[in-house]
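# Breakdown of the fold
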Amino acid sequence: MGRLARVLCVAAWLLLPVQMMAEEDRLGPDYIRASLLVADPAAQPYAIFGHCALRLQCPSQQMDYCFTFEMSTSASQLLGFFRGTAMGAFKPAPTDAYTDYYRQEGRGLTEYELNLLPTEKLLLWRNADKEIARGFDRRYAYMHTQCASMLVSLVGSALEAPVSYGDLTGLVDGSFRDLMLQAAQPYPWSAFFWQTVMGPEGDATGPVEHKLVPQKLPAAWQQATVGSGERHLIVSPGRRIMEATPQADSCRTSPTAVFALALLLIILVSGAQRFRGWHVVPRIVDGILLALHTLAALLLLWMVLFSTQEGTGWNWYLLPFNPLPQLLWLTAPRWRRHTCRCFMALLLLTLVLTPCIPQLDLPHALLIACLAVRLTFYIRKNKYNQIKRKI
């Protein structure tokens, strides 16, 4: 739909009467209608804030299109998101096709009419077409180059005066992490994902325009004024054009519940190994924990060293999840006892820092505790064996 829709949108622009461009002062207030479309949030990590698009209509020409900034969904670009090389672009779509997409996902849509002058609407459509012609030439960054921030920039480019947001206290307070945690309250696994990959950069308080996520944008534009402060960008309440349909929960459990149960089972397995002489089950548990730890450590290390994505300059979870213990275990057998103790110190340090650092949270602490329990059992077992040999 992307290439065909782009061709249709450009062709539709060429069909606009030349008189409309030459005599802008004669345009009626409803010749072009501009509105903001906001899609409901969803459980996927990329959808917890919802999504927004610009809807432009020209009833006399029977044109009705939505313009939205999106990241390419190809497999290479999805990997590029973690590398920080994913590209984004404005993409046009007929409104019927746009709404059908969200209808299939079961997500509702709300429309807010924009209070723009006729000349501003005309310029907005022109600028939207120019953005489409640029294609995928912008690096997608989830903090400041995404659907909402780019839509704010596009609308701002057509206004006769700058936008003043005034005091948005209570709407976009705090850091980007605060906004993420607030939006992800109904979706704990998405919160777990973002807490894992978003480092300390997510704790910074950036410009207001960068924190106007789709769900916050309508309220911000209802307060925002253009120029001298006499005109608001949105003056009427939103109109619900499509209701959400109930969807089956993809996962009814939370990371906290899952990792708390895992910790309890690991404690029981360790006790059975100590007092009942179990060997097979503990080895399976150790193998699973080692594999998960290695994968997480390699991914986090790779993102910190090689990714240019926002929030990956440093990650606190590199303290408990790093590949150095495995490397020393394999290359320095004589130092295994010291390796285990140093690794245990890192685990305990992370647990102590958890209440003090915003990125560190309870689900990750429970996961780290699982590693600590097995490592404690291994250290005690080796110490017991050393004493037994001496005797």
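Our structure's up above, just so we're on the same page.
Because the structure is a prediction, the values reported are computed rather than measured.

## Some points on the environment of G50
Counting through the fold element by element, G50 comes out in the loop between strand 1 (33-39) and strand 2 (51-58). A sequence separation of 166 residues divides G50 from K216, and the C-alpha atoms of the two residues are 9.7 Å apart. With near-sequence residues (within four places) excluded, G50 lies in contact with A39, D40, P41, R107, P214 and Q215.

## Focus on the pairing of strand 4 (residues 87-94)
In this sheet, strand 4 lies alongside strand 3 (residues 63-71) in antiparallel orientation, the contact comprising seven bridges. Each residue of the ladder has a partner; that of T68, found in strand 4, is K91. Bridge count between strand 4 and strand 6 (residues 138-139): two bridges; the pairing is antiparallel. Within strand 6, the residue paired with G88 across the bridge is R138.

## Description of the packing of helix 12 (residues 324-331) against helix 13 (residues 336-353)
Contact geometry for helix 12 and helix 13: axes closest at 9 Å, N-to-C directions at 170 degrees. In this view, helix 12 runs roughly antiparallel relative to helix 13, as classed from their interaxial angle. Along its contact with helix 12, which presents P325, L328 and W329, the element helix 13 presents R336, T339, C340 and F343. Of the residues belonging to the contact of helix 12 with helix 13, the class tally is five nonpolar, one polar and one charged.

## Digging into the pattern of salt bridges
Two side chains that carry opposite charge are able to pair once their charged atoms sit near each other. Summed over the entire model, instances satisfying the criterion amount to 15 salt bridges. We note a salt bridge from E131 to R134, for which the minimum N-O separation is 3.9 Å. Of the two residues, E131 and R134 are both situated in helix 5 (residues 118-134); the distance of three residues between them amounts to about one turn of the helix. Judged by relative accessible area, which is 15%, E131 ranks as buried.

Conventions we followed
Residues numbered from 1 in each chain as written. Predicted model: local features only at pLDDT ≥ 70, side-chain atom pairs only at ≥ 80, totals over all residues. Heavy atoms only, no water. Helix = DSSP H or I, 4+ residues; strand = E, 2+ residues; numbered from the N terminus. Contact = heavy atoms within 4.5 Å. Pairing = 2+ DSSP bridges. Axes fitted to C-alpha atoms, helices over the stretch in contact; angles between N-to-C directions. Parallel < 35°, antiparallel > 145°, perpendicular 65-115°, else oblique. Nonpolar A, V, L, I, M, F, W, Y, C, P; charged D, E, K, R; others polar. Salt bridge = Lys/Arg side-chain N within 4 Å of Asp/Glu carboxyl O. Buried < 20%, exposed > 50% of the residue type's maximum accessible area, 1.4 Å probe, protein only.

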